[in-house]
2 protein chains.
Amino acid sequence: MGHMTSEHRPALPASHALTERQEARRRRILHASAQLAGRGGFDAVQMREVAELSNVALGTLYRYFPSKIHLLVATMQDQLQHMHATLRKRPPTESDPGARVAQTLMRAFRAMQREPHLADAMVRALTFADRSVSPEVDTVSRLTTAIILDAMGLDSAATPEQLSAVRVIEHTWHSALITWLSGRASIAQVKIDIETVCRLIELTSPQRPE
Amino acid sequence: MGHMTSEHRPALPASHALTERQEARRRRILHASAQLAGRGGFDAVQMREVAELSNVALGTLYRYFPSKIHLLVATMQDQLQHMHATLRKRPPTESDPGARVAQTLMRAFRAMQREPHLADAMVRALTFADRSVSPEVDTVSRLTTAIILDAMGLDSAATPEQLSAVRVIEHTWHSALITWLSGRASIAQVKIDIETVCRLIELTSPQRPE
DNA sequence: ATCCGTTCTGTAACTTGTTCTAGATTAGCG
DNA sequence: CGCTAATCTAGAACAAGTTACAGAACGGAT
């Protein structure tokens, strides 16, 4: 079903070359997506409904977001940017870098708890995405990394070891979220696991090498 | 679309009460599933094709496995059991528990590399599964946990801390696998991340408390 | 203002997961 | 064996993601 070869479909021009009306359309679509996801989760985001709710033809919706997965990953990107901005305003209060990261992630987690359906839709899309969505997923990943690095409060550049630890934390974050969303882990367990993985930060910090 | 309430559909009797013919059918289905997944991945496992290839009517297929996700998770369970048996035969050679786990997971990873499409289908199904598949996903999770605990070579029962570390390793394992399968991480990076997360084992072992 | 290529709309068609139904087969039992 | 309930088969039908297409609206260049 996926045509990886030459694009038979006209894609949207580069992101910065959008008309005002086009920007508004894109925004309406993302808003509709988040709204539908907010109640009902992944299944409730139906492309026909998104199109109708955002006053856009189905074909246009697919021109802006070439698949439901693309749409939901873009929605996640959007939400993450909000969250990053929010988190920047109130930086973590802990002193240890690891504790700061854990605190930040638990804040993000509480935000997810407020909108579990939305979280479900976004995270499921993110982990279900195949190669055709890699660039977009990568953007989300970079955003998450930025949030974690921010929380660490790094003065200098991170070491490769630390970057690996951050990736592992990210893995744990996504996977623990899924486990919680599908009801196989409690909030307490997620908290413990986040705190456990954040110990890797102390372990890999250059100040305490071994 | 999921009807969570009372089952309107007659389910298969408890697993141990299967006729010989039924057991054979189940096996044919799982074999067909793995075969189709082996070339083509998640998308290539089409329920009609699975039914045809295993000489079973579509309705029967759905009686044995109530959804494509259930089918693929069951396929993973099947494959994991094989892998567990294989790994038991050649236990890891390293001495440190952490290194043993890392070694075991990299072995498993190499097995995945041999059948990337199959791995793709199984792992995507696993992380996409919703609440209705929780029991089956939980079984897979327990199998994975067993493999990791085996590799650790625990003499006594694991501490809660260690169990959390094992969960985090499992999270990292799944998520890193996905990242590799969708082409966003190299094999080398997966290896590094696995080794990084396995350090948590030493960190939480009772022998070296702080 | 007019013309032209692009974008958007409305709608139908196609694909694949899932459900439904009527009739054939099977398994267990007296 | 003959009966009955459960199971299986074949195929249609339905749902939602995706694609296709004809015509309307738009935007920019002359």
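Look a little higher up for the structure.
Residues numbered from 1 in each chain as written. Chains lettered and ligands numbered in written order. Predicted model: local features only at pLDDT ≥ 70, side-chain atom pairs only at ≥ 80, totals over all residues. Heavy atoms only, no water.

Help me out: how do you make sense of the relation of the copies chain A and chain B in this one?
Superposition of the two copies of the chain requires a rotation about an axis and a shift along the axis. Screw-axis analysis of chain A against chain B gives a translation of 0.0 Å along the axis, an RMSD of 0.0 Å, and a rotation angle of 180 degrees. The superposition operator between the copies reduces to a two-fold rotation axis. In this assembly, 92% of the residues forming the interface of chain A have copies in chain B that are likewise at the interface, indicating an isologous arrangement. (Least-squares fit on C-alpha atoms with pLDDT ≥ 70 in both. Contact = heavy atoms within 4.5 Å.)

Just checking my understanding: could you explain the packing of helix α5 (residues 68–89) of chain B against helix α8 (residues 134–152) of chain B for this structure?
Residue and element names in this part refer to chain B. At a closest axis distance of 9 Å, the pairing of α5 and α8 adopts a crossing angle of 15 degrees. Between α5 and α8, the angle is such that the two are roughly parallel. Regarding α5 and α8, the two cross each other, and that crossing is left-handed. Contacts between α5 and α8 involve His70, Val73, Met76, Gln77, Leu80, Gln81, His84, Leu87 and Arg88 from the first element and Glu136, Val137, Thr139, Val140, Leu143, Thr144, Ala146, Ile147 and Asp150 from the second. Its residues assigned to classes, the contact of α5 with α8 shows 9 nonpolar, 6 polar and 3 charged. (Axes fitted to C-alpha atoms, helices over the stretch in contact; angles between N-to-C directions. Helix = DSSP H or I, 4+ residues; strand = E, 2+ residues; numbered from the N terminus. Parallel < 35°, antiparallel > 145°, perpendicular 65-115°, else oblique. Left-handed = near helix turned anticlockwise from the far one by under 90°. Nonpolar A, V, L, I, M, F, W, Y, C, P; charged D, E, K, R; others polar.)

Explain the interface of chain A and chain B to me, please; I cannot follow it from the model alone.
Interfaces are often described in size by the accessible area the parts lose on coming together. In this complex, chain A contributes 37 residues to the contact, which on the side of chain B involves 35 residues. Here chain A and chain B share an interface that buries about 3,400 Å² over both sides, 53% of which is from carbon and sulfur atoms. Three residues, Phe128, His171 and Arg199 of chain A, lead the burial of chain A against chain B; their summed loss comes to 20% of the area buried on that side. Between chain A and chain B we count 6 salt bridges in total. With its nearest N and O atoms 2.9 Å apart, the salt bridge here joins Asp193 of chain A to Arg167 of chain B. For the pair chain A and chain B, the number of links is 16 residue pairs in polar contact (both at pLDDT 80 or more). Broken down by element, the side of chain A that touches chain B gets its largest block of residues, 12 residues, from helix α9 (residues 160–181) of chain A. (Buried area = accessible area lost by both parts, 1.4 Å probe. Salt bridge = Lys/Arg side-chain N within 4 Å of Asp/Glu carboxyl O. Polar contact = N/O pair within 3.5 Å; in protein donor to acceptor, adjacent residues only side chain to side chain.)

In this structure, what is going on with the pattern of salt bridges? I would like to understand it.
Two side chains that carry opposite charge are able to pair once their charged atoms sit near each other. For the structure on display, the rule yields 16 salt bridges over all chains. Note that Asp120 of chain A is salt-bridged to Arg124 of chain A, the shortest N-O span being 2.9 Å. In this pair, Asp120 of chain A and Arg124 of chain A are both assigned in helix α7 (residues 116–128), 4 residues apart and thus about one turn of the helix distant. The pair Asp120 of chain A / Arg124 of chain A is uniform in exposure class, with both members buried. Shared partners join several salt bridges into a network, and the residues in it are Asp138 and Arg142 of chain A together with Arg184 of chain B. (Buried < 20%, exposed > 50% of the residue type's maximum accessible area, 1.4 Å probe, protein only.)

Please clarify how the side chain of Thr196 of chain B should be interpreted in this entry.
Among the structural elements, Thr196 of chain B can be located in helix α10 (residues 187–204). A relative accessible area of 7% places Thr196 of chain B in the buried class. Within polar-contact distance, the side chain of Thr196 of chain B engages the side chain of Ser164 of chain A at 2.7 Å. The contact partners of Thr196 of chain B, leaving out residues within four places of it in the chain, are Ser164, Ala165, Val168 and Leu200 of chain A.

Can you walk me through α7 of chain A in this structure?
Note that an α-helix has 3.6 residues per turn; residues three or four places apart therefore point the same way. For α7 of chain A, with 13 residues, the first-to-last C-alpha span of 18 Å sits near the 18 Å given by 1.5 Å per residue. Where burial is concerned, most of α7 of chain A is hidden: 11 out of the 13 residues are buried. (Expected span 1.5 Å × (residues − 1).)

Got a minute to help me understand helix α9 (residues 160–181) of chain B in this structure?
Residue and element names in this part refer to chain B. Helix length check: α9, at 22 residues, gives a terminal C-alpha distance of 31 Å against a target of 32 Å (1.5 Å per residue), a fit within 8%. The buried fraction of α9 is high, at 18 of 22 residues. Positive backbone phi, at 75 degrees, marks Gly183, one or two positions downstream of α9.

Mind showing me how you'd approach the packing of α9 of chain A against α9 of chain B here?
The description of two packed helices rests on the angle between their axes and on the distance between the axes. Axis separation between α9 of chain A and α9 of chain B bottoms out at 8 Å; the angle between their running directions is 100 degrees. As the angle between them shows, α9 of chain A and α9 of chain B are arranged roughly perpendicular. Seen from α9 of chain A, the contacting residues are Val168, His171, Thr172, Ser175, Ala176 and Thr179 of chain A; seen from α9 of chain B, they are Val168, His171, Thr172, Ser175, Ala176 and Thr179 of chain B.

Can you help me understand the packing of aromatic side chains in this one?
For any two aromatic rings, the description comes down to two numbers: the centre-to-centre distance and the angle of the planes. In the structure shown here, the tally under the stated rule is 7 aromatic pairs over all chains. Plain terms: the ring middles of Phe128 of chain A and Phe42 of chain B are 5.1 Å apart, the flat faces sit at 80 degrees to each other, and that makes the pair edge-to-face. Of this pair, Phe128 of chain A sits in helix α7 while Phe42 of chain B sits in helix α2 (residues 41–44), which puts the two residues in different chains. By relative accessible area, which is 14% here, Phe128 of chain A ends up buried. (Phe/Tyr/Trp six-rings, centres within 6.5 Å; stacked < 30°, edge-to-face > 60°.)

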